[in-house]
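# Analysis of the macromolecular model
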Amino acid sequence: LQSRRDLVCRLLLEKKKVNAKIDKNAVTGSGTQYTHVSFLVTETGKISDVKASGNNESLNLATILAIYDLNQGFVPAKYKGENMASVVHMNIPVEL
């Protein structure tokens, strides 16, 4: 799907925004920490169902909050000219 490729390219650019929005004061630990996030981009481009997993629970929570805080729509994927929901996955490294 062309729209999915466009979405992935945009998400690579958004990683910096997510990383910048993470409240590092609310995160325990030091050094480089990683979290894996997934979320749904609905047919209308809204973000929902954000989940994060990794060894650092405080980082996971801070990342979920940061993604919701982006508060911007995404271009939904298209299939045969129709908008469709898609799940996005990305790994986010954070230097503490």
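Residues numbered from 1 in each chain as written. Predicted model: local features only at pLDDT ≥ 70, side-chain atom pairs only at ≥ 80, totals over all residues. Heavy atoms only, no water.

### Some thoughts on the pattern of salt bridges
Summed over all chains, the structure comprises two salt bridges. Note that Lys21 and Asp69 form a salt bridge whose closest N and O atoms lie 3.2 Å from each other. In this pair, Lys21 sits in helix 1 (residues 2-21) while Asp69 sits in helix 2 (residues 57-70), placing the two residues 48 residues apart along the sequence. Taking the relative accessible area as the measure of exposure, Asp69 reaches 46% and is therefore partly exposed. With a closest N to O distance of 3.8 Å, Lys51 and Asp49 form a salt bridge. On the accessibility criterion, Asp49 (45% relative accessible area) is partly exposed. (Salt bridge = Lys/Arg side-chain N within 4 Å of Asp/Glu carboxyl O. Helix = DSSP H or I, 4+ residues; strand = E, 2+ residues; numbered from the N terminus. Buried < 20%, exposed > 50% of the residue type's maximum accessible area, 1.4 Å probe, protein only.)

### Section: the sheet that holds strand 2 (residues 47-53)
Strand order in the open sheet formed by three strands is 2-1-5, with antiparallel pairing between adjacent strands. Among the strands making up the open sheet, the edge pair consists of strand 2 and strand 5 (86-95). Neighbour-to-neighbour, the strand axes of the sheet open up by a mean angle of 25 degrees, direction not taken into account. Sheet analysis places strand 1 (residues 32-41) next to strand 2, joined by five bridges and oriented antiparallel. Residue pairing in the sheet places His36 in a bridge with Ser53 of strand 2. Packing against the sheet, helix 2 makes contact with strand 1, strand 2 and strand 5, and its axis sits at approximately 160 degrees to strand 2. (Pairing = 2+ DSSP bridges. Axes fitted to C-alpha atoms, helices over the stretch in contact; angles between N-to-C directions. Contact = heavy atoms within 4.5 Å.)

### What to know about the environment of His36
Along the polypeptide, His36 turns up in strand 1. Distance from His36 to Lys51, taken between C-alpha atoms, is 8.2 Å for residues 15 residues apart in sequence. For His36, the residues in contact, after removing those within four places along its chain, are Lys51, Ala52, Ser53, His89, Met90 and Asn91.

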